Amino acid sequence: MTTPLTAELLARLLPIIGEINAVLDPDQLLPTIARQLRSLVDYQMLDIFLPDKEGALVPAFVAGYAPEMGGVRLRVGEGIVGAAAELRETLYVPDVTQDRRYVAVVPGVVSELAIPLLHREKLVGVLNVEGSDPRAFTPDARNALQLLAGHLAVAIDNATLHKETRWYAGLLETLHDIGKETASILDLDQLLHRLADVVRRVVDYERFAILLLDEERGELVLRKSVSFGARGTQSRIKLSEGLCGAAARAKETILVPDVRQDPRYLSWLPDTLSELVVPLVYQDKVVGVFDLESSALGRFTDEHVKALTPLASQVAIAIANARLYEEVVRRDERLNREMAIARRVQHGLFPEECPSGHGWEASAHFLPALELGGDLYDFYDMGEGLLGVAVGDVAGKGTAAALYGAFASGTVRARAFERHRPPDLLARVNRTLRRRGLEGFFCTLAYAVFDLTHRRVTLANSGLPYPLHYRASTGRAEALEIPGVPLGAFDATTYSEMTLPLSAGDVFVFFTDGLIEASREGEEYGIARLRAQVEAHAGQRAGQLGARVLADLDRFVSGAAPADDVTFVVVRIL
């Protein structure tokens, strides 16, 4: 049993707990813990063991030990530390020579105190202190450390979660950028060349290869390699051979820490010790594999798998699109005619460019970067003074984006006339897109409902650039900051809304990033230039205001074709 803490000791503990809980960086947290504990216990050596992915306990931080301590790895139940983890109880051993469980690492240790760090019944780690004098671990000191153990577990768990969240957020941002980048590369050779750099942004590999499937021959063909040396002479692998063939057949990632232990490995590079193979799957069909190899044991981790798996989905789509484009090039004349027809069909799917109604007028402007665009817009006259407006942008450009955009637009239209609130509509559309299983595709979209009867507008957004709202009362245009996650990206996503009053002369401008990111010699058109045009011409008709923006954009880019789809909608309250 523990003895009650004195008021003096409790007063010393509170600031320690506060400082430890304030540190969210794991690299800073463990040294902070060691430094703070020094004020409570005169330990000779301290180590904080954390479980690895296999459940063994490894020292994540050590103080007072020789460098060889870093190689220690204890199974649960092994040594005093492992026993504390297994029993989930604090173990105090005044004389380690009398305890058969003791694992000697350094000489001179007399006493040891091992405290399991538990949070929500999960073993976060083990705090272990050792000393040459058992009197250093007084009842007060042991009592204080046990009380701190729960706070240390929470702090370590929070820091680990914070690190993983930051890593995952950065990964999502990188994958979003990569998705837009690779979706726009339609030449297969150029795409494969670019992918070597793209993959390095996610995994700092030693050797990398892309092999694509030749369905007719049932072989994987080497199309791009980095640092593979003589392997380039072995350019084909049967689907029945090697780790690459196994991953392609199973459509599953294969991670091998030691290829010497896996009979499937093909020994083309004698110094390879570990390998990671990620299949490129599109619509349940393998199009190829990523193959990463290293001369170090256990070079690849679960984090690499988590990073490369979604990237592989995007790349598979990009490769499928690139192969489709190769076919387009081979049948140029026929496809050009069909693309021209498709473009007319797409324009036919859009509503009229300058609609109007009681109390409002609008204009819509669409400039696709390619024959077909991935942007979309629509108006919904729902009666009773309600007007719905949607503007969206599918990741990427061209045929695939246009088709996905048409599907997304039809889904939004069907939900709009059910009169859902804007955030509910976005959530329902997101569920529909996710159920379709179109991995790698997503859509940013802003949706607004103008209630002309009650003079208010309600908006929700799923990642489109913030719309502009020009207030006639102030003569200024301001961005409506409504963030949101793109449609089709994640399950069970929810969205927020914003409601604003409407006044005569107010103007709303919804636009895709192709407008503000249009560039000339490295300079973007930008939100400030767009805002200036809106404020200068807000008194004109909606169509005239839109024409002014288009003219200014054309002057800015000197008549160059847009690099991305440009879409914007102007709504003016009369």
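Owing to the predicted nature of the structure, the values given are computational and were not obtained by experimental measurement.

Helix and strand counts for the protein come out as 13 helices and 24 strands. Buried positions account for 49% of the 574 residues belonging to the protein. Carbon together with sulfur atoms contributes 51% to the accessible area of the protein, which is approximately 26,900 Å² in total.

A separate point is the pattern of salt bridges. On inspection of all chains with the given rule, the structure shows 25 salt bridges. For Glu384, the salt bridge identified is with Arg419, shortest N-O distance 3.1 Å. With Glu384 in the loop between β14 (375–383) and β15 (386–394) and Arg419 in the loop between α9 (398–416) and α10 (422–435), this pair connects stretches of sequence that are 35 residues apart. Judged by relative accessible area, Glu384 falls into the exposed class, the value being 64%. The partner of Glu535 in a salt bridge is Arg476, with the nearest N and O atoms 3.2 Å apart. Separated by 59 residues along the polypeptide, Glu535 in helix α12 (residues 526–537) and Arg476 in strand β19 (residues 476–479) bring together distant segments of the chain. A network of salt bridges, in which partner residues are shared, links Asp214, Arg217, Glu219 and Arg236.

Another aspect to go through is the environment of Arg88. When you line up the elements, Arg88 lands in the loop between α3 (79–87) and β3 (91–93). Between the C-alpha atoms of Arg88 and Leu123, which are 35 residues apart in sequence, the distance is 8.0 Å. Setting aside anything within four residues of it in sequence, one finds Arg88 in contact with Ala83, Pro116, Leu118, Glu121, Lys122 and Leu123. Separated by 2.5 Å, the side chain of Arg88 and the backbone oxygen of Glu121 make a polar contact.

So, about the pairing of strand β11 (residues 285–294). By the criterion of burial, β11 is predominantly enclosed, with 9 of the 10 residues buried. Alignment of strand β6 (residues 207–214) against β11, held across 6 bridges, turns out to be antiparallel. Across the sheet, Ile210 pairs through a bridge with Phe290, a residue of β11. As paired elements, strand β10 (residues 274–282) and β11 share 9 bridges and run antiparallel to each other. Counted as the bridge partner of Tyr282 is Lys285 from β11.

Turning to the sheet that holds strand β1 (residues 45–51), a few remarks are in order. Taken in spatial order, the 5 strands make up an open sheet running β2-β1-β5-β4-β3, and their pairing is antiparallel. Only two strands of the sheet have a single neighbouring strand rather than two, namely β2 (57–63) and β3. Looking at each pair of strands side by side, their axes are set apart by 20° on average, direction ignored. Bridge count between β3 and strand β4 (residues 111–119): 3 bridges; the pairing is antiparallel. Considered in β4, the bridge of Tyr92 is made with Leu113. Sitting on the sheet, α3 is in contact with β1, β2, β3, β4 and β5 (122–131), with an inclination near 35° to β4.

Further remarks concern the sheet that holds β6. With antiparallel pairing, 6 strands are arranged side by side in an open sheet as β8-β7-β6-β11-β10-β9. Lying at the two open borders of the sheet, with one neighbouring strand each, are β8 (236–238) and β9 (254–256). Looking at each pair of strands side by side, their axes are set apart by 20° on average, direction ignored. In the sheet, β6 pairs with strand β7 (residues 219–226) via 7 bridges, with the strands oriented antiparallel. Bridging from a neighbouring strand, Ile210 pairs with Lys224 of β7. The strands touched by helix α6 (residues 242–250) are β6, β7, β8, β9, β10 and β11; relative to β10, the strand with the most contacts, the crossing angle is about 35°.

Next up on the list: the packing of α12 against helix α13 (residues 542–557). Closest axis-to-axis distance for the α12/α13 pair is 10 Å, and the angle between their directions is 140°. Here α12 runs over α13; the crossing is right-handed. In this structure, α12 contributes Arg529, Leu530, Gln533, Val534 and His537 to the contact, and α13 contributes Leu545, Arg548, Val549, Asp552 and Phe556. Partitioning the contact of α12 with α13 into residue classes produces 5 nonpolar, 2 polar and 3 charged.

Although it is not a glycine, Lys251 adopts a positive phi angle of roughly 60°. In this fold, Lys251 is placed in the loop between α6 and β9. Despite not being glycine, Glu384 has its phi angle at roughly 55°, a positive value.

So, on to the packing of aromatic side chains. Within the structure shown, the criterion is met by 8 aromatic pairs. Between the aromatic rings of Phe208 and Phe290, the centroid separation amounts to 5.5 Å while the plane-to-plane angle is 55°, which identifies the pairing as tilted. Residue Phe208 is located in strand β6, and its partner Phe290 is located in strand β11; the two are separated by 82 residues in the primary sequence. Here Phe208 falls in the buried class, since its relative accessible area comes to 0%. In this structure Phe290 comes out as buried when scored by relative accessible area, which is 0%. Summarising the aromatic geometry, the rings of Phe450 and Phe508 are spaced 5.2 Å apart at their centres and angled 80° between planes, so their arrangement reads as edge-to-face. Of the two residues, Phe450 sits in strand β16 (residues 443–451) while Phe508 sits in strand β21 (residues 507–511), which places them 58 residues apart along the sequence. Exposure remark for Phe508: the relative accessible area of 0% places this residue in the buried category.

This next bit is on a positive patch on the surface. Together, Arg428, Arg431, Arg435 and Arg436 give the surface a local cluster of positive charge. You can see Arg431 is positioned in helix α10.

Glancing now at the side chain of Thr512. If you trace the backbone, Thr512 turns up in the loop between β21 and α11 (513–516). Ignoring sequence-local partners within four residues, the contact set of Thr512 consists of Asp375, Val391, Gly392, Asp393, Leu464, Pro465, Asp565, Val566 and Thr567.

A word on the packing of helix α5 (residues 188–200) against helix α7 (residues 302–330). As a packed pair, α5 and α7 sit with axes 10 Å apart at the nearest point and diverge in direction by 165°. Put simply, α5 runs roughly antiparallel to α7. Crossing hand, α5 versus α7: right-handed. Taking contact as the criterion, the partners of Leu188, Leu191, Leu192, Leu195, Val198 and Val199 in α5 are, on α7, Leu308, Leu311, Val315, Ala318, Ile319, Ala322, Arg323 and Glu326.

Relative to the elements of secondary structure, His469 occurs in strand β18 (residues 468–471). His469 gets classed as buried once you look at its relative accessible area, which sits at 1%. At 3.3 Å, the side chain of His469 and the side chain of Asp506 are in polar contact. Not counting residues within four places of it along the chain, the set of residues in contact with His469 comprises Arg476, Ala477, Glu478, Leu480, Leu500, Asp506, Val507 and Phe508.

Conventions used here
- Residues numbered from 1 in each chain as written.
- Predicted model: local features only at pLDDT ≥ 70, side-chain atom pairs only at ≥ 80, totals over all residues.
- Heavy atoms only, no water.
- Helix = DSSP H or I, 4+ residues; strand = E, 2+ residues; numbered from the N terminus.
- Buried < 20%, exposed > 50% of the residue type's maximum accessible area, 1.4 Å probe, protein only.
- Areas by Shrake-Rupley, 256 points an atom, 1.4 Å probe, with all protein chains shown as cover.
- Salt bridge = Lys/Arg side-chain N within 4 Å of Asp/Glu carboxyl O.
- Contact = heavy atoms within 4.5 Å.
- Polar contact = N/O pair within 3.5 Å; in protein donor to acceptor, adjacent residues only side chain to side chain.
- Pairing = 2+ DSSP bridges.
- Axes fitted to C-alpha atoms, helices over the stretch in contact; angles between N-to-C directions.
- Left-handed = near helix turned anticlockwise from the far one by under 90°.
- Nonpolar A, V, L, I, M, F, W, Y, C, P; charged D, E, K, R; others polar.
- Phe/Tyr/Trp six-rings, centres within 6.5 Å; stacked < 30°, edge-to-face > 60°.
- Patch = residues over 30% accessible without salt bridge, like charges linked within 9 Å, V, L, I, M, F, W, Y side chains within 5 Å.
- Lys, Arg positive; Asp, Glu negative; His and termini not counted.
- Charge placed at Lys NZ, Arg CZ, Asp CG, Glu CD.
- Parallel < 35°, antiparallel > 145°, perpendicular 65-115°, else oblique.

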